[in-house]
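Take a look at the letters that make up each chain.
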Amino acid sequence: MTRPANVLLTALAPVSWGTTYAVTTEFLPADRPLFTALARALPAGLLLLASARVLPRGAWWWKSAVLGALNIGAFFPLLFLSAYRLPGGMAAVVGSVGPLFVAGLAAVLLGERPTVRTLLTGVAAASGVSLVVLKAAGALDALGVLAALAATASMSTGTVLTKRWGRPEGVGPLALTGWQLTAGGLLIAPLALLVEGAPPALDGRAIGGYLYLALANTAVAYWLWFRGIGRLTATQVTFLGPLSPLTAAMVGWAALGQTLTPVQLAGMALAFGATVAGQLGARPAGAADQSFSSASKNHRKDSMDVTGVALRR
């Protein structure tokens, strides 16, 4: 498959995640973020496990647990906490610096040296998202800001480690996604029970919303995301992240009757331009696939030389 096709397929993941806010506010019970996170992660993970019929072996038990915690188990609760405590889209703005987090981590763990263009593009993406989502000010909550930063750092670290560790030989992205979603869901389950208590009563509308979140928004979207990590550079993948708040703004305009100001439209153009720029100049998909395969083989021996699988521009 060509690199543009891989980029487009991977981009469907953040586009799908951009619908989460509208589905949550219009279909789901209010003030149950942890239950919603659990309902997204665990059923999707178990479904993918049943489909793949492959369980982790050896070191991949703890690696799957680590990736599941970073990408799902810690990320979801931190994201919801920041969204509830920060005003007017500030959580999305903090999250939009993810490409800069990944650029720094990829330099250390993958040998992907960040270029000036990468850094400028990351700043442009964050600036564009801020123009789209920031509303009238409110006092910033320190815990909310820390939660947003921690969520961004968690997902960024998970993305880079997913790239570095690769996959066990013969294991596809479907199984890897199922391992992570299941591990993350099991981590969220006791926290949801402790903080929110028993699950809420659900009507047909809520059941439909949770089915959408678990299947399309999580099972399919995260499979596409982790598949993309195996075929593109870590920095290239994370530059698709701004598509999520941009999609949320478009859904709000088209389905919820929200208005888009000229400043927001300018911000959308800037963020989308940065997303496109983040895909340019990357190595061909075949080269990324080869490095990903090499990472998998090296890690079967639990001894990885970072320079041996470095993804260099």
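In this text, all values refer to a predicted model and were calculated from it rather than measured experimentally.

Enquirer: Now, about the packing of aromatic side chains: what can you tell me, with residues and values included?
Expert: Taken as a whole, this structure holds eight aromatic pairs when the rule is applied. Judged by centre distance (5.4 Å) and plane angle (90 degrees), the ring pair of Phe35 and Tyr210 falls under edge-to-face. Within this pair, whereas Phe35 is found in helix 3 (residues 33-52), its partner Tyr210 is found in helix 11 (residues 204-231), the two being separated by 175 residues in sequence. Accessibility classification places Phe35 together with Tyr210 in one group, the buried group. A centroid spacing of 5.9 Å and a plane angle of 40 degrees characterise the contact between Tyr222 and Phe226, whose relative ring orientation is tilted. Placement of both Tyr222 and Phe226 in helix 11 is noted, with a separation of four residues, approximately one turn of the helix. You can call Tyr222 buried: its relative accessible area is 1%. Within the aromatic cluster, the residues linked to one another by ring pairs are Trp17, Phe75, Phe76, Tyr222, Trp225 and Phe226. In this structure, Arg205 is placed above the aromatic ring of Phe27, and the distance from its NZ or CZ to the ring centre is 4.3 Å.

Enquirer: So what's going on with the confidence of the model for the chain? Residues and values would help.
Expert: For the chain, the average pLDDT comes to 83, and 86% of its residues sit at 70 or higher. Long-range and interchain partners of residues 284-313, a stretch whose pLDDT sits below 50, account for 65 contacts in this model, where long-range means more than four residues apart.

Enquirer: I'd like a rundown of the nonpolar core, residues and numbers included.
Expert: Ranked by size, the top nonpolar core spans 28 residues in total, and within it Trp17, Ile72, Phe76, Tyr222 and Trp225 carry the most contacts. Every element with two or more residues in this core is listed here: helix 1 (3-17), helix 3, helix 5 (75-85), helix 9 (142-165), helix 10 (173-196) and helix 11. When sequence neighbours within four positions are dropped, the list of residues in contact with Phe76 reads Ala37, Arg40, Ala41, Ile188 and Tyr222. Leu49, Leu67, Leu70 and Val102 belong to the second largest nonpolar core, which has 16 residues in total.

Enquirer: An account of unusual backbone geometry is requested, with residue identities and associated values reported.
Expert: Positive phi, close to 60 degrees, is recorded for Asp31, a residue that is not glycine. Secondary-structure assignment places Asp31 in the loop between helix 2 (20-27) and helix 3. Accessibility expressed as a relative area gives 57% for Asp31, which makes it exposed. One non-glycine residue, Arg53, lies in the positive phi region at around 55 degrees. The topology assignment puts Arg53 in the loop between helix 3 and helix 4 (60-73).

Enquirer: Requested: an account of the packing of helix 2 against helix 11, with residues and values cited.
Expert: Here helix 2 crosses helix 11 at 160 degrees, and the two axes come no closer than 9 Å. In terms of orientation, helix 2 lies roughly antiparallel with respect to helix 11. Between helix 2 and helix 11 lies a crossing of left-handed hand. Along the contact surface, helix 2 presents Thr20, Val23, Thr24, Glu26 and Phe27, while helix 11 presents Arg205, Ala206, Gly209, Tyr212, Leu213 and Asn217.

Enquirer: Provide a residue-level description of helix 13 (residues 243-255), including the pertinent values.
Expert: In a regular helix each residue adds 1.5 Å, so 13 residues correspond to 18 Å; helix 13 covers 17 Å between its end C-alpha atoms and thus fits that length. Turning to helix 13, its buried residues are Leu243, Ser244, Pro245, Leu246, Thr247, Ala249 and Gly252. Taken from the residues just after helix 13, Gly257 is the one with a positive phi, measuring 75 degrees.

Enquirer: An account of the pattern of salt bridges is needed here, citing residue identities and associated values.
Expert: In a structure, side chains of opposite charge can pair up when their charged atoms sit close to one another. Taken as a whole and judged by the stated rule, the model has one salt bridge. Across the pair Glu196 and Arg32 runs a salt bridge whose closest N-O atoms are separated by 3.4 Å. Here Arg32 lies in the loop between helix 2 and helix 3 and Glu196 lies in helix 10, a separation of 164 residues in the sequence. In this pair, the class of Glu196 matches that of Arg32, namely buried.

What counts and how
Residues numbered from 1 in each chain as written. Predicted model: local features only at pLDDT ≥ 70, side-chain atom pairs only at ≥ 80, totals over all residues. Heavy atoms only, no water. Phe/Tyr/Trp six-rings, centres within 6.5 Å; stacked < 30°, edge-to-face > 60°. Helix = DSSP H or I, 4+ residues; strand = E, 2+ residues; numbered from the N terminus. Buried < 20%, exposed > 50% of the residue type's maximum accessible area, 1.4 Å probe, protein only. Lys NZ or Arg CZ within 6 Å of the ring centre and 35° of its normal. pLDDT = per-residue confidence, 0-100. Contact = heavy atoms within 4.5 Å. Core = buried A, V, L, I, M, F, W, Y, C linked by side-chain atoms within 4.5 Å. Axes fitted to C-alpha atoms, helices over the stretch in contact; angles between N-to-C directions. Parallel < 35°, antiparallel > 145°, perpendicular 65-115°, else oblique. Left-handed = near helix turned anticlockwise from the far one by under 90°. Expected span 1.5 Å × (residues − 1). Salt bridge = Lys/Arg side-chain N within 4 Å of Asp/Glu carboxyl O.

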